[in-house]
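One letter stands for each residue in the lines below.
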Amino acid sequence: MLRKLFVALGSLKLTVLLLLTLGLLTFLGTLAQIQNGLFQSQKLYFDSWLVLHPVRDIKVPLPGGQTVMALFFVNLMVGGFIRMRRTRRLAGVYIVHFGIALLLLAGFVKLEFSDDGYMALWEGDSANFFESHYHWELAVTSGKDTSKEFVVDEGVLQQAHGSRVALRHPDLPFDLIVDAYTANADPQPAERSMGTADVVEGYSLLALPPSVEREHDTPGAYVTLRPKGGPERRMVLFGSSMLIPRARTLPIADETWTIDLRRRRYPLPFALRVDDFRKEEHPGTTMPKLYESDVTQRVDRDERRLKIEMNKPLRDQGYIIFQSSFGPSGPGTFSRYFSQFSVVRNPSDQWPLWSCIVIAVGLLIHFLMMLKRYIVREASAA
């Protein structure tokens, strides 16, 4: 039984089946983007082990992208081992197998151990962190010691759906109780609120369905601040400062504390400052032809000046920083611009390049070995 299983896992039939399944998932995931958007469709079809695809009123189970790629990795390794036992004249093919396996492993590392987000900096501003496009957090910061920051992940906040979540820490002079959390909300003034809505500080939070583009969702929360030895206070938090102040600053126990519902922040091992931004437009249009930023990278007391362009990112310590956008946009020239960078922390950033080199070497070796056999055979026939 084990031998049959071993042979089945390495068979070419399984390879074809997995490729067809991956093609089906790609087709279904592409169609799902119309209703669910790119982020949610990727999570449902490619970042999962099992997919429940809706067909009218029935949900059909399908293997998720992670399951297919894991089986493909096993199939590649086992199949290569079986063919290796049959002949030793396919050294180049074995090297190609190893290169493809490295490529699959790079995708797994990227999926499980990477972070991505953005950084928007006006000329002259600097930062040593970047923010997520999709995920949020609740941060409590001390005014006396700004390094004293307490962060609550969105996963904990989402537990406040139908039940309250109490957040306590021995270094905090108060308890923070999340009464309710909504992943996508719209603040409504009291006069426009429904009769059953919870009105706090003149506003209620109207729960909205998830947006097609997940980055457009803005969460909201009702929280109760309960100081140790003082009267409690209720407040409403919202991820945007359009109507309600996003960061709430309160004096508690002879200290100022800031409570902020913000996008999740990821620290950088260096600080980045935008010194100058330049853009070049196509003649007669407002469409940018080229835009780039002169930046200063600071690590402790060491500084170095760099240029980040559209297709020339900064790569350092496993971080990749791309020039992705800018503002303000539109006709005319502005006195000050901000640069927006896409930031990715990917431990396997260079692995695809190495795997392509390995695959190319394997193909070259296999071609030369086949060419040698052909020349020897033709010489013997002559």
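Model, not experiment: these values are computed from the prediction. (Residues numbered from 1 in each chain as written. Predicted model: local features only at pLDDT ≥ 70, side-chain atom pairs only at ≥ 80, totals over all residues. Heavy atoms only, no water.)

Draft legend 1. Representation of a nonpolar patch on the surface in the model. Among the surface-exposed residues, F73, V74, M77, L105, F108 and F113 lie close enough to one another that they form a single nonpolar patch of about 490 Å² accessible area. Those elements giving two or more residues to the nonpolar patch turn out to be α3 (65-86) and α4 (91-113). One can find F113 in helix α4. In this structure F113 comes out as partly exposed when scored by relative accessible area, which is 46%. (Patch = residues over 30% accessible without salt bridge, like charges linked within 9 Å, V, L, I, M, F, W, Y side chains within 5 Å. Areas by Shrake-Rupley, 256 points an atom, 1.4 Å probe, with all protein chains shown as cover. Salt bridge = Lys/Arg side-chain N within 4 Å of Asp/Glu carboxyl O. Helix = DSSP H or I, 4+ residues; strand = E, 2+ residues; numbered from the N terminus. Buried < 20%, exposed > 50% of the residue type's maximum accessible area, 1.4 Å probe, protein only.)

Draft legend 2. Representation of the nonpolar core. Counting 24 residues, the largest nonpolar core has L138, V140, L176, V178, Y181, L225 and I259 as its most contacted members. Those elements giving two or more residues to this core turn out to be β4 (126-142), β5 (149-153), β6 (165-167), β7 (174-182), β10 (220-227), β11 (233-238), β12 (247-252) and β13 (255-281). Top contributing element to this core by residue count: β7, with 4 residues. Excluding residues that lie within four positions of it along the chain, V140 makes contacts with K148, E149, F150, L172, F174, L176, W257, T258 and I259. The next biggest cluster of nonpolar side chains, apart from the first, holds 16 residues, and it includes A127, F270, I321 and F341. (Core = buried A, V, L, I, M, F, W, Y, C linked by side-chain atoms within 4.5 Å. Contact = heavy atoms within 4.5 Å.)

Draft legend 3. Spotlight on unusual backbone geometry. Between G327 and the following residue, P328, the backbone shows a cis peptide bond with an omega angle of -5 degrees. By secondary structure assignment, the location of P328 is in the loop between β17 (319-327) and β18 (338-345). For R56, which is not glycine, the phi torsion reads 60 degrees and is therefore positive. Relative to the assigned elements, R56 resides in the loop between β1 (50-55) and β2 (58-63). Look at Q317: it is not a glycine, yet its phi comes out positive at around 55 degrees. In this fold, Q317 is placed in the loop between β16 (314-316) and β17.

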